[in-house]
Structures are given as structure tokens and as C-alpha cells.
Amino acid sequence: VQLQASGGGLVQAGGSLRLACAASGRTFSNYGMGWFRQTPGKEREFVAAITGSGFSTDYRDSVKGRFTISRDNAKNTVYLQMNSLKPEDTAVYYCAARYYSDYNYNWWGQGTKVTVSS
């Protein structure tokens, strides 16, 4: 699976951004998808995940109620709608894929940078 993330940018605190991750190479609905983020000097952290069907989602506590993960299997794309952004959301965001029977995410996109100014 090849993944291409896009949609990052500079936004003021309280603003919104929508990230997109386009996948190619396999049957997209067979893959759970996740978004992760990383800031310099810190471990990469989980942000949100969605199952292949899109019926089940999961979020880290700090983004619940502000971020929404969704997917369009007809377009082989997963999205992360980010609202009420805070400076602490500043990071490079990565999308990742895991085969439905796997635990680990084995395919990663290149990352897209999100900067939230105060």
C-alpha cells in the first residue's frame, strides 16, 4: 500500500484543517487506517483510527470532540477533520495502514506538517 498525505498548513488557534491520505495498491477496505503525529524530540503518538468498513473509530483523549476521522473507500482516501485547533496540535501528521488481521501499522505515508499559531 502506498500512502500520500496532504492538507497540512499554518492555521490560527481555533481554526480548522482537513487532512487527507490517498492510498493505492491494494483493496482499501481491507485496511484499517490511522493518523499519528510527531513533534521534534518526542515519540510519534496515536491520534485516531478507523476500521476498514468505517464503522468503528478511536481517538486519543486530547482530540476527542475536536477531530473526526472518516474514510471514503470508493476514493481510497481517509480524512482527518481537525477543528478547534490548539498550538499543542502542532506536529507532523502521518497516515498509516494495517491489514485488517494485523495489529501493527506496516505502511506509512510521508507526513504533512500542521502548525497552529497562538
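Going by the structure above, here's the rest.
The following refers to the structure shown. As the structure is a computational prediction, the values presented were derived from the model and not from experiment.

## Things to note about the environment of Arg60
Moving on, step 1. Structurally, Arg60 is set in the loop between strand E6 (57–59) and strand E7 (67–72).
Moving on, step 2. Under the relative-accessibility criterion, Arg60 is labelled partly exposed at 25%.
Moving on, step 3. Considering only alpha carbons, one finds Arg60 and Ala20, 40 residues apart in sequence, at a separation of 19 Å.
Moving on, step 4. In this view, Arg60 contacts Arg37, Glu45, Phe46 and Val47; residues no more than four positions away in its chain are not counted.

## So, empty space enclosed by the protein
Moving on, step 1. Applying the stated rule across the entire model yields one cavity of 30 Å³ or more.
Moving on, step 2. Within this model, the largest cavity holds a volume of roughly 30 Å³.
Moving on, step 3. Taken together, Val1, Ala23, Ser24, Gly25, Arg26, Phe28, Tyr31 and Asn76 make up the lining of the largest cavity.
Moving on, step 4. Counted by class, the lining of the largest cavity contains four nonpolar, three polar and one charged residues.

## Notes on the side chain of Arg37
Moving on, step 1. Following the sequence through the fold, Arg37 ends up in strand E4 (residues 31–38).
Moving on, step 2. A distance of 3.0 Å separates polar atoms of two side chains, one belonging to Arg37 and the other to Asp89.
Moving on, step 3. Of the polar contacts made by the side chain of Arg37, one reaches the side chain of Tyr93; its length is 3.0 Å.

## Here's the deal with the packing of aromatic side chains
Moving on, step 1. Summed over all chains, the structure comprises seven aromatic pairs.
Moving on, step 2. Both rings, one in Tyr99 and one in Tyr100, keep their centres 4.7 Å apart while their planes meet at 50°; by these two values the pair is tilted.
Moving on, step 3. The rings of Tyr31, Tyr99, Tyr100 and Trp107 are connected pair by pair, giving a single aromatic cluster.
Moving on, step 4. Arg44 extends its terminal NZ or CZ atom over the ring of Tyr94, reaching a point 5.1 Å from the ring centre.
Moving on, step 5. One cation-aromatic arrangement involves Arg44 over Trp108; the distance from NZ or CZ to the ring centre is 3.9 Å.

## A word on unusual backbone geometry
Moving on, step 1. With a phi angle near 50°, Asn76 is a residue other than glycine that sits in the positive phi range.
Moving on, step 2. Counting through the fold element by element, Asn76 comes out in the loop between E7 and strand E8 (77–82).

## Comments concerning the state of the cysteines
Moving on, step 1. Summed over the entire model, instances satisfying the criterion amount to one disulfide.
Moving on, step 2. Covalent S-S linkage joins Cys21 and Cys95, the inter-sulfur distance amounting to 2.1 Å. On the sign convention where negative is left-handed, the bridge of Cys21 and Cys95, at about 60° about the S-S bond, is right-handed. With Cys21 in strand E3 (residues 17–24) and Cys95 in strand E9 (residues 91–99), this residue pair connects regions lying 74 residues apart in the sequence.

## Quick look at the nonpolar core
Moving on, step 1. Among the nonpolar cores identified, the biggest contains 29 residues, and Met33, Trp35, Leu80, Met82 and Tyr93 are the most heavily contacted of them.
Moving on, step 2. Those elements giving two or more residues to this core turn out to be strand E1 (2–6), E3, E4, strand E5 (45–50), E7, E8, E9 and strand E11 (112–117).
Moving on, step 3. Excluding anything up to four places from it in sequence, Met82 contacts Gly15, Ser16, Leu17, Leu19, Arg66, Phe67, Tyr93 and Val114.

About the cut-offs
Residues numbered from 1 in each chain as written. Predicted model: local features only at pLDDT ≥ 70, side-chain atom pairs only at ≥ 80, totals over all residues. Heavy atoms only, no water. Helix = DSSP H or I, 4+ residues; strand = E, 2+ residues; numbered from the N terminus. Buried < 20%, exposed > 50% of the residue type's maximum accessible area, 1.4 Å probe, protein only. Contact = heavy atoms within 4.5 Å. 1 Å grid on protein atoms, 1.4 Å probe; cavity = no way out; pocket = protein on both sides within 12 Å on 5 of 7 lines; lining within 4 Å. Points joined across faces, edges and corners; volume = space filled by probe spheres on them. Nonpolar A, V, L, I, M, F, W, Y, C, P; charged D, E, K, R; others polar. Polar contact = N/O pair within 3.5 Å; in protein donor to acceptor, adjacent residues only side chain to side chain. Phe/Tyr/Trp six-rings, centres within 6.5 Å; stacked < 30°, edge-to-face > 60°. Lys NZ or Arg CZ within 6 Å of the ring centre and 35° of its normal. Disulfide = S-S within 2.5 Å. Core = buried A, V, L, I, M, F, W, Y, C linked by side-chain atoms within 4.5 Å.

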